[in-house]
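# Coordinate analysis (summary)
Each chain is listed here by its residues.
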Amino acid sequence: MDLSGLNESQRAAVCCIEGPLLVLAGAGSGKTRVITHRIAFMLERGIRPESIVALSFTNKAADEMRERLEKMVGKRARELFMGTFHSLGVRMMRARPADFGVPKKFSILDQGDVYGMIRSILRDEGIHYAGADRRFDPGAIVQRISLWKNDFITPAQATDPMRIESDYDEIAAEVYGPYEERLASLGAVDFDDLVCRIARTLRDSESAREHWQGRFSHVLVDEYQDTNKAQFEVLRELVGARQNLCVVGDDDQAIYGWRGAKVANILGFDMYFPSARTIKLEENYRSRAPILECANSVIVNNQGRHDKVLLPQRGGGEPVTEVLAEDGPQETNWVTSRIRRLIKEEGVPGHAIAVLYRSTRQARAVEERLQEHGLAYRVLGGQAMYDKKQVKDALAYLKTMIYPSDEIAVRRAMNVPSRGIGAKTLERLLAHASVRRISLMDAIHNAERVEGITGRARTGLQRFSELIRFAQSRMHASGSAGLALRELLDRIALRDHVMREVGSAEAAAHRWSDVERLLGSVERFEQRARESKKKSRSKRPRWNEFFGSMAIDRDKDKKSDDESSGRGQITLATMHSAKGLEWPVVFIIGCEEGIMPHKRVDAPRISDAIAGDVEEERRLFYVGITRARDRLFLTRATSRVERGRQIKRLPSRFLEELPDSVERYDISTEESLTVEKIESMADAFLAKLALAREAGEEEAKRRRSSRR
DNA sequence: CTTGCTCTAGTTAGG
DNA sequence: CTAGAGCAAG
C-alpha cells in the first residue's frame, strides 16, 4: 500500500492496528485520510472486513467515509460495518432482539413521538407543564431524561432527593418512570435505547458479550470527543480484552457537552486503556497561517485540554479582519455586500463562502439581505425533513395504511386535517379497544358501536375509516402504496390544508415539496423492492426496513437535493453544524458577549464557577475559526434591537484573545485600524482625558465609558 | 371541538 | 418580534 502521501504521524496512526490507540487529530489535519488509509491497511493485513466496525456520529459522515474507502479498496468497502452508534444498535437489536429485551418487530420512536408521549404523561399526571403559575417545557424534560438514560441513571435513582436540584429535575424524574413503562408497553424504543440497551446487555449478559466480541475484532471511532457514557460503555464491552480500539478526535472541538458528551472520554483515554498509544496530528493542511494563529491563540485559554497546536502547512495569507458595525442591520448589510463584491468582482464562487453564527435565529436577517441581492444560498441544519409536520402527517397515513395496528400513526393521521376528534373521543376509543383487545384502528372501524361517540366525532371517524379502507383497497389493487398514498392525500386535500396553515404561497409550495419528496422516496423504495423480488422471491416490500431507515437515516434524500440545487450557493450555518466542513471564505457574525459566549452558559459572570461551559463556547468559536481556508471575517455590532429596545453590546471576550495581527475595520468610519493606529488613538484620547480631568469637567467620565 | 386571542419566553443537534 | 401554548368563547 502506498503511504508516501502521508506525513510521519499520519503514517504511524495508519499502521498501528493492534491495541488501543488515541489519534488526536487537530482541525484540518487530514483525519479522514488517516481513517480510510488505516482501514485499507487493515484489510491488506488480512483482517476480515466483516469483523471491522467503523463508527461516526452522522450518517452523512459514515457515507462519505464509505465512499472514500470504496475508491481505495473497491467493493470490499461494503462488507464492513460503517455507520453511527445508533445504526449499529439497530443492527444488533434486530439480529438478536431477545438479548436486548425487545420484541422482534420493535419500533423506534422519533423525537416528535417522544414529545407527544411526554406531553400526554404530563396531562395524565395532572402536571401543569405550561401556564402562568408553573411552566415546564416538554423539551427540557425530554432532554433530562435522555441525559439520565445515557448516564445509566434509572427512574428510581432519578427521584433520589439528593440528585434533584431544580423543579425540572423533579418533574422529569416523575415522568421518567411512566415514560419507560409506556415505551415497553408499545414494544418501542427511543434513540437513546439504541445505545444504552446495547451497553447494558453487553455488560450483563456473558453470552451476548461473547457473541458480539467474536463477531467484531477491530473498532474505529471518529469524532471520539463527542461520545457519551453509554457509547463509551458500548465500545469498552465490544472490544473486550483485545482492546483493538482506535479512536480519532479532537478535544478542542468538543462542543456537545450539553447533550451528554463527555470530554473526559478523550482526555482520560489512557486512564481507561493504560496500554494506549497516543498520536498527535498537528500539521494543518487547510488554513493559512494568520487564521491558525487566531485559532491557537484563542484555544490556549482553555484549561482542560491535550496540549497541542496547529502548524500551518500552507504559506501566505491575508490578515484576519475584525469588523465593527453600529447595529445588526449594518452588520448584515456589510456582510452581504462584501459577499456580493467577492462574487461579482473577485470571482469567488458562492459555494466557497460561508456565514457562520451561534444560533439559528441569526440566519434570518442574513437570508433576507441575500435574497434582496439575488444571491443563492442554502441553510445548513434546521429541521430535518422527516421532522417536518406535513411530512410526518403524510407518513402517518402511509403507516396507517400498511400497519393499521401502529397506534402512534393512527392517532396522528385520524385528526389531520381536523375531523372533530378530540381527547375525549380518543379516550373512549382506547377504552373500547383495550376491553375487546382490538387495535385502535379496528375500534375506529367499529366507531358506531363505541359508547358515547356522537355527532361530529362520529361522522369524522366514519370518514376516516372509509378513507383508510379506500386507500388499502387501492394499494392492493395497484400493488403500490405510493400510488395509493397519492390518491389518499388528494382526497383529503392535504395540499390545501398545508396552504391554509402557512401564510405565503411560496412557503406553502416549499412545504409541499417535502411531501412530494417523501412520495418520491416511497416510490423508489417500492421500485427497488420490485427489482429484488425477481431474485429473492419475497412477496412484499419490507416496509419495516423502510420505516426503520426513515427514523435512522433521516437525511438520505437530502444529498440528491444538495446536488441538484447547484454549486453556486453561499452556505449559512450554525457553528455546530459547520463542524467538519471548510470554506475558502468564512464570516462569523455576532461576535459579542451574550451571543458568544451565549448568555445562558455565562450566568454568574463574576465567579467563573462554571468555567467549563465557557470553555465549550470557546471551543465552538475555535471550530468556527478553523473552518476558514483563506479568509476570515469576524463581525460584531455595538448595539442591537432586542425585544423592541436598543441594547448596547460588548465585544466577545474571545475577540480579546486574538493576536495583534488581526486587522480591525470600523464600518461607519470606513476606517481600517491596525494595532498601532488604535494605540496612537488611545494615547491621544488619554491625553485629552487628562486635560479634561485637570479642568475638572464632569463629562470626562462619560467619555471614558464610551471608549472601546 | 375548534377557533382566535393573549401571553410569554427566547442555544446549540442528531440518531 | 415571533412562535407556541393556554384559555375563553363559539
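Presented here is a report on the structure given in the accompanying data block.

Criteria and thresholds
- Residues numbered from 1 in each chain as written.
- Chains lettered and ligands numbered in written order.
- Predicted model: local features only at pLDDT ≥ 70, side-chain atom pairs only at ≥ 80, totals over all residues.
- Heavy atoms only, no water.
- Helix = DSSP H or I, 4+ residues; strand = E, 2+ residues; numbered from the N terminus.
- Buried < 20%, exposed > 50% of the residue type's maximum accessible area, 1.4 Å probe, protein only.
- Contact = heavy atoms within 4.5 Å.
- Areas by Shrake-Rupley, 256 points an atom, 1.4 Å probe, with all protein chains shown as cover.
- Phe/Tyr/Trp six-rings, centres within 6.5 Å; stacked < 30°, edge-to-face > 60°.
- Lys NZ or Arg CZ within 6 Å of the ring centre and 35° of its normal.
- Pairing = 2+ DSSP bridges.
- Core = buried A, V, L, I, M, F, W, Y, C linked by side-chain atoms within 4.5 Å.
- Axes fitted to C-alpha atoms, helices over the stretch in contact; angles between N-to-C directions.
- Parallel < 35°, antiparallel > 145°, perpendicular 65-115°, else oblique.
- Nonpolar A, V, L, I, M, F, W, Y, C, P; charged D, E, K, R; others polar.

Another aspect to go through is the overall build of chain A. Check the secondary structure of chain A and you find 30 helices and 20 strands. Looking at chain A as a whole, 51% of its 708 residues are labelled buried. Taking the contacts inside chain A whose residues are at least 6 apart along the sequence as the reference set, 77% of them involve residues at least 24 apart. Counting only carbon and sulfur atoms, one obtains 48% of the accessible surface of chain A, whose full area is about 34,300 Å².

Let us now look at the environment of Pro651. With respect to the helices, strands and loops of the structure, Pro651 is situated in the loop between β18 (645–648) and β19 (663–666). Sequence separation between Pro651 and Leu324 is 327 residues, and the spatial gap between their C-alpha atoms is 9.3 Å.

Glancing now at the packing of aromatic side chains. The tally for this structure, following the rule as stated, stands at 17 aromatic pairs. Ring centres of Trp212 and Phe216 lie 5.9 Å apart, and the angle between their planes is 20°; this geometry places the pair in the stacked category. Like Trp212, the residue Phe216 is buried in the burial classification. Measuring from centroid to centroid gives 5.8 Å for Trp334 and Phe633, while their planes differ by 70°, and the two rings are edge-to-face. Taken as a pair, Trp334 in helix α15 (residues 328–344) and Phe633 in strand β16 (residues 628–637) lie far apart in primary sequence, 299 residues in all. Comparing Trp334 with Phe633, the two get one shared label, buried. Here a set of aromatic residues connected by ring pairs shows up, and it is made of Tyr224, Phe232, Phe269, Tyr272 and Phe273. In this structure, Arg94 packs its charged tip against the face of Phe106, placed 5.2 Å from the ring centre. Over the ring of Phe470 we find Arg491; its NZ or CZ atom is 3.7 Å from the centre of that ring.

Right, let's talk about the pairing of strand β12 (residues 353–357) for a bit. Judged by how many residues are buried, β12 sits mostly within the fold: five of five residues are covered. Residue alternation in β12 divides its side chains into two sets, Ile353, Val355 and Tyr357 and Ala354 and Leu356, and both sets are buried. In this sheet, strand β15 (residues 583–588) lies alongside β12 in parallel orientation, the contact comprising four bridges. Note that in β15 the partner of Ile353 across the bridge is Val585. As judged from the four bridges shared by β12 and strand β14 (residues 570–574), these two strands associate in the parallel manner. Within the sheet, the bridge partner assigned to Ala354 lies in β14 and is Thr571.

Another aspect to go through is the nonpolar core. Grouped together as the largest cluster of nonpolar side chains are 48 residues, with contacts concentrated most on Tyr397, Leu398, Met401 and Leu489. The biggest single contributor to this core is helix α17 (residues 389–402), with eight residues. Counting 41 residues, the second-largest nonpolar core is a separate cluster that includes Leu22, Val102, Phe152 and Phe216.

It is worth spelling out unusual backbone geometry at this point. The step from Met596 to Pro597 runs through a cis peptide bond, and the omega angle for that step is 5°. Here Pro597 lies in the loop between β15 and α28 (611–625). Despite not being glycine, Gln243 shows a phi value in the positive range, around 55°. Although it is not a glycine, Arg437 adopts a positive phi angle of roughly 55°. Within the element layout of this structure, Arg437 appears in the loop between α19 (423–436) and α20 (440–445).

Here we come to the packing of helix α6 (residues 138–150) against helix α8 (residues 167–186). Direction vectors running N to C along α6 and α8 enclose 70°, while the axes themselves pass 9 Å from each other. Put simply, α6 runs roughly perpendicular to α8. On α8, the residues that touch Ala140, Ile141, Arg144, Ile145, Trp148 and Lys149 of α6 are Tyr168, Asp169, Ile171, Ala172, Ala173, Val175, Tyr176, Tyr179, Glu180 and Leu183. Looking at the contact of α6 with α8 residue by residue, the classes come out as twelve nonpolar, no polar and four charged.

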